[in-house]
Amino acid sequence: MIDSGLVAQWDPAVVQAVGRFEQGDLVERPPFFYAGCPSSGVWATTQAFSSDTAPDETIVIELDPGDCPPFGILTSQGCDIADTARKPWVQIAPVYPAGDLHGGDGRLADIRRDAVPHLILLEPPQMDGLWIADFRIEVPVEKSWLAGKQPIQGFASEDARRRFARRLAGRLVRPALPDVVH
């Protein structure tokens, strides 16, 4: 299905843009969308559509650009980002200021010591303050969206970038264990 939709020649502006990005780079104002069933929604935004939808109806919800996270971080592997023949999408996780975090200083301390697996603290060198990347959702974005965007360095050092990559990898290589083991 995907292969039959790939175009033979990518727009040179897209190829050039893709070449500027790496895993862990930030982008401004990424889109934020997901599918949900409002009648049994587990997030307030999903539940807000319950009066407008039929029971058990699935809809795609796109946040208004003004409500989207201010930044996103590329979570796709570098080789997947660079591939301009077979892989038309990248994954982007939301990034928001640490000041927006619920739970205050105690929660921030947990994140600093990597005790919250789905959140990672960022200190982008070109941005003021602390930022949080949230791995609970990754939005697929076609690489054409990167054209005209400038990557923002997500890390001050290669060690920090590698730590980020290890955290991402750790989320995918975990074995599924029954609750009794935990």
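Since the structure is predicted, the reported quantities are computational estimates derived from the model, not experimental observations.

Parameters and conventions
Residues numbered from 1 in each chain as written. Predicted model: local features only at pLDDT ≥ 70, side-chain atom pairs only at ≥ 80, totals over all residues. Heavy atoms only, no water. Helix = DSSP H or I, 4+ residues; strand = E, 2+ residues; numbered from the N terminus. Buried < 20%, exposed > 50% of the residue type's maximum accessible area, 1.4 Å probe, protein only. Expected span 1.5 Å × (residues − 1). Arc of directions from axis to C-beta. Contact = heavy atoms within 4.5 Å. Pairing = 2+ DSSP bridges. Core = buried A, V, L, I, M, F, W, Y, C linked by side-chain atoms within 4.5 Å. Polar contact = N/O pair within 3.5 Å; in protein donor to acceptor, adjacent residues only side chain to side chain. Phe/Tyr/Trp six-rings, centres within 6.5 Å; stacked < 30°, edge-to-face > 60°. Salt bridge = Lys/Arg side-chain N within 4 Å of Asp/Glu carboxyl O.

### Topic: the overall build of the protein chain
Turning to step 1, where the next piece is worked out: Per the secondary structure count, the protein chain includes six helices and eight strands.
Turning to step 2, where the next piece is worked out: Beginning at the N terminus, the succession of helices and strands in the protein chain can be written as α-α-β-β-α-β-β-α-β-α-β-β-β-α.
Turning to step 3, where the next piece is worked out: Projected onto its principal axes, the C-alpha coordinates of the protein chain cover approximately 45 × 45 × 40 Å.
Turning to step 4, where the next piece is worked out: Sorting the 182 residues of the protein chain into buried and exposed places 37% on the buried side.

### Some remarks on helix H6 (residues 158-173)
Turning to step 1, where the next piece is worked out: The terminal C-alpha atoms of H6, which comprises 16 residues, lie 22 Å apart, in line with the 22 Å expected from a rise of 1.5 Å per residue.
Turning to step 2, where the next piece is worked out: Restricting attention to buried positions, one finds in H6 the residues Arg161, Phe164, Arg167 and Leu168. Looking down the long axis of H6, one finds its buried residues gathered within 120° of arc, a one-sided arrangement. Turned more than 90 degrees off the buried face of H6, the exposed positions are Asp159, Arg166 and Val173.
Turning to step 3, where the next piece is worked out: In this fold, the buried residues of H6 make contact with strand E4 (71-74) and strand E6 (119-122).

### A look at the pairing of E4
Turning to step 1, where the next piece is worked out: Where burial is concerned, the two faces of E4 agree: the one with Phe71 and Ile73 and the one with Gly72 and Leu74 are both buried.
Turning to step 2, where the next piece is worked out: Two elements, strand E1 (residues 26-28) and E4, share three bridges in a ladder whose sense is antiparallel. Across the sheet, Val27 pairs through a bridge with Gly72, a residue of E4.
Turning to step 3, where the next piece is worked out: In the sheet, E4 pairs with strand E5 (residues 89-97) via four bridges, with the strands oriented antiparallel. Within E5, the position partnered with Ile73 by the bridge is Ala93.

### Remarks on the environment of Ala93
Turning to step 1, where the next piece is worked out: When you line up the elements, Ala93 lands in strand E5.
Turning to step 2, where the next piece is worked out: Between the C-alpha atom of Ala93 and that of Ser76, which follows or precedes it by 17 residues, the distance is 9.8 Å.

### A few points about unusual backbone geometry
Turning to step 1, where the next piece is worked out: In the Ramachandran plot, Arg29 falls in the positive-phi region, its phi being about 45° despite a non-glycine side chain.
Turning to step 2, where the next piece is worked out: For Arg29, the position within the fold is in the loop between E1 and strand E2 (33-36).
Turning to step 3, where the next piece is worked out: Here Arg29 falls in the partly exposed class, since its relative accessible area comes to 44%.

### A few points about the nonpolar core
Turning to step 1, where the next piece is worked out: Formed by 15 residues in total, the largest nonpolar core has its most connected members in Leu26, Ile73, Val95, Leu122, Ala133, Phe135 and Phe164.
Turning to step 2, where the next piece is worked out: Elements supplying a minimum of two residues to this core: E4, E5, E6, strand E7 (131-134) and H6.
Turning to step 3, where the next piece is worked out: Residues Leu74, Ile81, Ile92 and Val139 belong to the second largest nonpolar core, which totals 13 residues.

### Structural notes on the side chain of Asp134
Turning to step 1, where the next piece is worked out: Tracing the sequence through the fold places Asp134 in strand E7.
Turning to step 2, where the next piece is worked out: Residue Asp134 is classed as buried on the basis of its relative accessible area, which comes to 7%.
Turning to step 3, where the next piece is worked out: Reaching out from Asp134, the side chain makes a polar contact with the side chain of Arg136 at a distance of 2.7 Å.
Turning to step 4, where the next piece is worked out: With residues near it in sequence (within four places) discarded, Asp134 still touches Ala93, Pro94, Tyr96, His118 and Leu119.

### Description of the packing of aromatic side chains
Turning to step 1, where the next piece is worked out: Following the criterion strictly, the structure yields six aromatic pairs and no others.
Turning to step 2, where the next piece is worked out: Aromatic side chains Phe32 and Trp43 sit 6.0 Å apart centroid to centroid with 40° between the ring planes, which places their arrangement in the tilted category. Here the residue Phe32 occupies a position in the loop between E1 and E2, and Trp43 occupies one in the loop between E2 and helix H3 (44-47), the gap between them amounting to eleven residues.
Turning to step 3, where the next piece is worked out: For Phe32, a relative accessible area of 9% translates into the label buried.

### Quick look at the pattern of salt bridges
Turning to step 1, where the next piece is worked out: Counted by the stated rule, this structure contains ten salt bridges.
Turning to step 2, where the next piece is worked out: With a closest N to O distance of 3.7 Å, Glu22 and Arg161 form a salt bridge. A residue pair is termed long-range when its members are at least 10 positions apart, and Glu22 in the loop between helix H2 (12-18) and E1 and Arg161 in helix H6 qualify at 139 residues.
Turning to step 3, where the next piece is worked out: Of the charged contacts in the structure, one is a salt bridge between Arg161 and Glu158, with a shortest N-O distance of 3.7 Å.

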